[in-house]
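Spelled out, the chains give:
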Amino acid sequence: MSIRNTEQGYGWVAIGLHWLVALSVFGLFGLGLFMVDLNYYSSWYQTAPMIHKSVGILLFMVMLFRLLWRGLNPHPVSPENHQQWEKTGAKVGHFLLYLILFCLMISGYLISTADGRAISVFEWFEIPATVTGINQQEELAGDVHEILAWTLIALVAGHGLAALKHHFIDKDSTLVRMLKPTK
Amino acid sequence: MKTQLKAALLLASTMGLALPASAADYTIDTRGAHASINFKVNHLGYSFVVGRFDTFSGDFSYDQTAPEATKVNVKIDATSVNSNHAERDKHIRSDDFLAVDQFPEASFSSTKYQANGDDGGKLYGQLTLRGVTKEIVIDVTKVGEGKDPWGGYRAGFVGSTELVMKDFGIPTNLGPSSTTVAMDLVIEGIKK
């Protein structure tokens, strides 16, 4: 069992975190699109936003742990066949994925807490409001949240296509090493 | 001489009374927030959501001796809707309700006033909301008028009216008990 990363590849924790975050991001995006168009009398009207906010908060915590784990582990080196522009592109892309995901989660938090209300996470615990009362805060945060959500999905699509390109065209280990630790 | 002066004074005062009363102009006291535009919508048939528009401005002219000449103009910042719940306010501003991106301002301009002789009356006017202009009637009750403690002169009214959301193009169906909005207006003016 390779829990930790090595110079050659990712460990189970990094791989698990990657796919957990990926699944959450797709789920939150779909749920977000779904919930904003719900009819007032839909049985989902209260639950969909509750799940969206709760999962969003939990994802934020997971991402903090992911950053910590990333800092405490060796970073696998790129497969030898990667060109310099691919390496640079990947670095910039990964940085943007992290940055946008964090900004996205923070902007969502700022919508729901704009009036000082806390966010309840599955009625399990609450995250209190901090920044409140910016003029039209929920509107500003809402616009940012929507734009960043689409930007993130576009980036994710590029990220996924790049992985497929490495797998099927370059036939290298880029995708496979995010599926299981390299022996 | 003395009688002449008396006669002149008497003449002057009767002339003064005979002159048509000139309505005084008032600025609605939004600065001191002694005026508010409140709304109330039934929730599911069980309760009410109460909110208000925080930002508006306006003026009116009014003379208690000639109430029919009353005129009122108010501009309302539709984006300032406040129901004490940010997520709901965001929803009210969206296209589902007020579409404030497209229609950031609502306005009311009176067309006539029908006094009922009992310090109240009906104020008719054009309300523009969500880009739709419709005649509405506001039931008005005068609260009072007179000097304030700081050297000014004030007059105040309360008003109420009911708007059908559909009439103003609001597309969202909130249920059978919630098709209308009760508007509750509190207007205090300071004489200009």
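The shown structure was predicted, so the numbers you read here are calculated from the model rather than taken from an experiment. (Residues numbered from 1 in each chain as written. Chains lettered and ligands numbered in written order. Predicted model: local features only at pLDDT ≥ 70, side-chain atom pairs only at ≥ 80, totals over all residues. Heavy atoms only, no water.)

Engineer: Would you take a moment to explain the overall build of chain A for this structure?
Structural biologist: A count of helices and strands for chain A gives four helices and two strands. Reading the secondary structure of chain A in the N-to-C direction produces α-α-α-β-β-α. Counting across all 183 residues of chain A, residues that qualify as buried make up 37%. A separation of at least 24 residues holds for 72% of the contacts in chain A among residues at least 6 apart in sequence. (Helix = DSSP H or I, 4+ residues; strand = E, 2+ residues; numbered from the N terminus. Buried < 20%, exposed > 50% of the residue type's maximum accessible area, 1.4 Å probe, protein only. Contact = heavy atoms within 4.5 Å.)

Engineer: Looking at this structure, I do not really get the layout of surface pockets. What am I missing?
Structural biologist: Leftover empty space is mapped by rolling, across the atoms, a probe with the size of a water molecule. Residues and elements named next belong to chain A. Each pocket or cavity is described by its volume, and for the second largest pocket that value is around 1500 Å³. If you trace the second largest pocket, you find 49 residues lining it, with His18, Ala90, His94, Leu97 and His159 closest to the centre. Those elements that provide at least two residues to the lining of the second largest pocket are helix H1 (12–35), helix H2 (44–72), helix H3 (84–112) and helix H4 (137–169). With 14 residues, the single largest contributor to the lining of the second largest pocket is H3. (1 Å grid on protein atoms, 1.4 Å probe; cavity = no way out; pocket = protein on both sides within 12 Å on 5 of 7 lines; lining within 4 Å. Points joined across faces, edges and corners; volume = space filled by probe spheres on them.)

Engineer: Before we go on, may I ask you to explain the pattern of salt bridges in this structure?
Structural biologist: Side chains that carry opposite charge are capable of pairing whenever their charged atoms lie near each other. Under the counting rule described, the total for this entry stands at 14 salt bridges over all chains. In this structure, Glu87(B) engages Lys53(A) in a salt bridge whose closest nitrogen and oxygen atoms are separated by 3.0 Å. One end of the pair, Glu87(B), is in helix H2 (residues 86–93); the other, Lys53(A), is in helix H2, on a second chain. For Lys53(A), a relative accessible area of 24% translates into the label partly exposed. Put simply, Asp139(B) and Lys122(B) hold a salt bridge, and the shortest N to O gap is 2.8 Å. (Salt bridge = Lys/Arg side-chain N within 4 Å of Asp/Glu carboxyl O.)

Engineer: Looking at this model, I keep getting lost on a nonpolar patch on the surface. Mind explaining?
Structural biologist: Taken together, the side chains of Leu161(A), Leu164(A), Phe168(A) and Ile169(A) make up a nonpolar region of the molecular surface, amounting to roughly 450 Å² of accessible area. On the accessibility criterion, Leu161(A) (59% relative accessible area) is exposed. (Patch = residues over 30% accessible without salt bridge, like charges linked within 9 Å, V, L, I, M, F, W, Y side chains within 5 Å. Areas by Shrake-Rupley, 256 points an atom, 1.4 Å probe, with all protein chains shown as cover.)

Engineer: For this particular structure, what's the right way to read the environment of Asn42(B)?
Structural biologist: All names here are of chain B. The residue Asn42 is located in strand S2 (residues 36–43) in this model. The spacing of Asn42 and Leu174 is 132 residues in sequence and 9.0 Å in space, taken between C-alpha atoms. If we ignore the near neighbours within four places in the chain, the residues touching Asn42 are Ser47, Phe48, Ser177 and Ser178. There is a polar contact of 2.7 Å between the side chain of Asn42 and the backbone nitrogen of Gly45. (Polar contact = N/O pair within 3.5 Å; in protein donor to acceptor, adjacent residues only side chain to side chain.)

Engineer: Explain the interface of chain A and chain B here, please?
Structural biologist: Interfaces are often sized by the accessible area lost when the parts come together. If you look at the interface, chain A gives 13 residues, while chain B gives 15 residues. When chain A packs against chain B, the two sides together hide about 1200 Å² of surface, and 46% of this comes from carbon and sulfur. Its largest share of buried area at the contact with chain B, chain A owes to Tyr40(A), Tyr41(A) and Glu138(A), together 40% of the area lost on that side. Across the chain A-chain B interface, the total number found is three salt bridges. (Buried area = accessible area lost by both parts, 1.4 Å probe.)

Engineer: How should I be thinking about the pairing of S2(B) in this particular structure?
Structural biologist: Side-chain direction in a regular strand flips from residue to residue, so the side chains alternate between the two faces of the sheet. All names here are of chain B. Relative to strand S11 (residues 180–191), S2 runs antiparallel, the two sharing five bridges. The residue bridging Phe39 from the neighbouring strand is Met183, located in S11. Inspection of the sheet shows S2 paired to strand S3 (residues 47–53) by seven bridges, in the antiparallel sense. From the neighbouring strand, Asn38 faces S3, where its bridge partner is Arg52. From the end of S2 to the start of S3, which pair antiparallel, there are three residues, and Leu44 there has a positive phi angle of about 60°. (Pairing = 2+ DSSP bridges.)

Engineer: Is there a simple way to think about the confidence of the model for chain B in this case?
Structural biologist: A low pLDDT score tells you not to read the predicted coordinates there in detail. All names here are of chain B. Of the residues in chain B, 89% have a pLDDT of 70 or more, and the chain-wide mean is 91. In the predicted structure, residues 15–21 sits below a pLDDT of 50 and forms two contacts with residues beyond four places in sequence or in another chain. Here the predicted complex scores 0.86 on pTM and 0.85 on ipTM. (pLDDT = per-residue confidence, 0-100.)

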